[in-house]
Each structure stands twice: as structure tokens, then as C-alpha cells.
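Structural description and commentary
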Amino acid sequence: MNLKEKKIAIIGLGYVGLPLAIEFGKKYNTIGFDINSKRVNQLNNGVDKTREVDFKSLKNIISSTKILNNEFRLVFTNTLDHIRDCNIYIVTVPTPIDKFKRPDLDPLFNASKMLGEILKKNDVVIYESTVYPGCTEEDCVPILEKHSGLKFNIDFYCGYSPER
């Protein structure tokens, strides 16, 4: 797979997603997606209130991009249509735990449903969110299949983070 010809979407712009989007955006067409419009607006203005990336790096990247055309390298958006033509989706949404230390997988399931609505044949989905063993195949893949009409490892490929 030649990444230079692909578009990458990073889903979730928190402490994992934002630095990942910045690194991919240095070399590849990348769209950072987050459902939080306030977060996206801040990032598009070169502001990261979480301080995951340094201000100067973020400002340099923002000033050197052109929004949603063939010349961009990194764009931040909260509009699903802007990531529809991406080929690689990396899910980095949070998996917070409740007071009983059980993971809240709703953000992961919501991201999977959303991706299923725009997924195309031969797209790649990579899960970087922290989950228990088997969660991707048993919980996320069925959601992707239901909402996309595609079949796992037949029409699209699902990946895992390297430490798994």
C-alpha cells in the first residue's frame, strides 16, 4: 500500500489522536476528526488547550495547510462528509472507566457506527483505543459490518495497534 496515494483520517483528537494526526500530517494527507466542534475550532486556530503538542508546531502545521483540497496535508474537522473519501481510518477515541473500573465503550461503538456509514470496499480501519482482548472482533467489527454492508477481511481490513 502506497500511503502517498491514500488519505488518512484520525478519529478522536485527544492525547493519542492529536499527536498521531500531526505526525502523519507531516508526510501524508491527513484529516483529524473529532465530534467536539469547539476542540476542532481551537485546533484550526492553532490552539491546543490539552498541551499535547507544542504551540509553535501546531501553528506551523496549520499555517502551511489548505483546507480540504488536494494541497492539504493536515486538516481538522468535525464534519463526517470531510472524511468520507479517506482510505485509512485510525480510531483513537477514549475508553474512560466508570467508578467500578469498567471501560465505557460507548465512544468506541459510536465511532464504529459512524465509520460504518462511510466505509467503502478496501478501506482500512485501525483501532488504537485501549480495549480488552477480543473487543475489536467481537464488538466493533459487527457494528462496522451492520452499518456498512461490508464483510470483515473480505471487503475491508481491520487492524490493531502494534502493542497488541
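Okay, so let's go over this structure. (Residues numbered from 1 in each chain as written. Predicted model: local features only at pLDDT ≥ 70, side-chain atom pairs only at ≥ 80, totals over all residues. Heavy atoms only, no water.)

1. Describing the overall build of the chain
- When you go through the chain residue by residue, the secondary structure sums to 5 helices and 6 strands.
- Each helix and strand of the chain, placed in order from N terminus to C terminus, yields the pattern β-α-β-α-α-β-β-α-β-α-β.
- Expressed as a percentage of its 164 residues, the buried residues of the chain come to 43%.
- Within the chain, contacts between residues at least 6 apart in sequence are counted, and of these 66% link residues at least 24 apart.
- Carbon and sulfur atoms make up 51% of the accessible area of the chain, which amounts to about 9200 Å² in all. (Helix = DSSP H or I, 4+ residues; strand = E, 2+ residues; numbered from the N terminus. Buried < 20%, exposed > 50% of the residue type's maximum accessible area, 1.4 Å probe, protein only. Contact = heavy atoms within 4.5 Å. Areas by Shrake-Rupley, 256 points an atom, 1.4 Å probe, with all protein chains shown as cover.)

2. Re helix H4 (residues 106–118)
- For H4, with 13 residues, the first-to-last C-alpha span of 19 Å sits near the 18 Å given by 1.5 Å per residue.
- On its buried side, H4 packs onto strand S1 (7–11), strand S2 (29–33), strand S4 (88–91), strand S5 (124–127) and helix H5 (135–148). (Expected span 1.5 Å × (residues − 1).)

3. Notes on the pairing of S5
- As paired strands, S4 and S5 are joined by 4 bridges and run parallel to one another. Pairing of Ile90 across the sheet is with Ile126, part of S5.
- As a crossover connection, the stretch from S4 through H4 into S5 is right-handed. (Pairing = 2+ DSSP bridges. Right-handed = clockwise from strand over helix to strand, strands pointing away.)

4. Here we look at the environment of Arg73
- Here Arg73 lies in the loop between helix H3 (55–63) and strand S3 (74–77).
- Along the chain, Arg73 and Ile22 lie 51 residues apart, while their C-alpha atoms are 9.4 Å from each other.

5. Focus on the pattern of salt bridges
- Inspection of the entire model under this criterion finds 8 salt bridges.
- When the shortest N-O distance is used, the salt bridge between Arg102 and Asp98 registers 3.0 Å.
- Look at Arg102 and you get partly exposed, because its relative accessible area is 48%.
- By relative accessible area, Asp98 is classed as partly exposed at 30%. (Salt bridge = Lys/Arg side-chain N within 4 Å of Asp/Glu carboxyl O.)

6. Quick word on unusual backbone geometry
- One non-glycine residue, Lys101, lies in the positive phi region at around 65 degrees.
- Inspection of the secondary structure assignment puts Lys101 in the loop between S4 and H4.
- Classification of Lys101 as exposed rests on a relative accessible area of 66%.
- The backbone phi angle of Asn153 is positive, close to 60 degrees, even though this residue is not glycine.
- Structurally, Asn153 is set in the loop between H5 and strand S6 (157–160).
- Residue Asn153 is classed as partly exposed on the basis of its relative accessible area of 44%.

7. Observations concerning the packing of H4 against H5
- Packing of H4 against H5 brings their axes to within 7 Å, and their N-to-C directions diverge by 35 degrees. Crossing geometry of H4 relative to H5 is assigned as right-handed. Taken together, the residues of H5 that come into contact with H4 (itself represented by Leu108, Phe109, Ser112, Lys113, Leu115, Gly116 and Glu117) are Cys135, Asp139, Cys140, Ile143, Leu144, His147 and Ser148.
- Looking at the contact of H4 with H5 residue by residue, the class counts come to 7 nonpolar, 4 polar and 3 charged. (Axes fitted to C-alpha atoms, helices over the stretch in contact; angles between N-to-C directions. Left-handed = near helix turned anticlockwise from the far one by under 90°. Nonpolar A, V, L, I, M, F, W, Y, C, P; charged D, E, K, R; others polar.)

These figures come from the coordinates and say nothing about function on their own.
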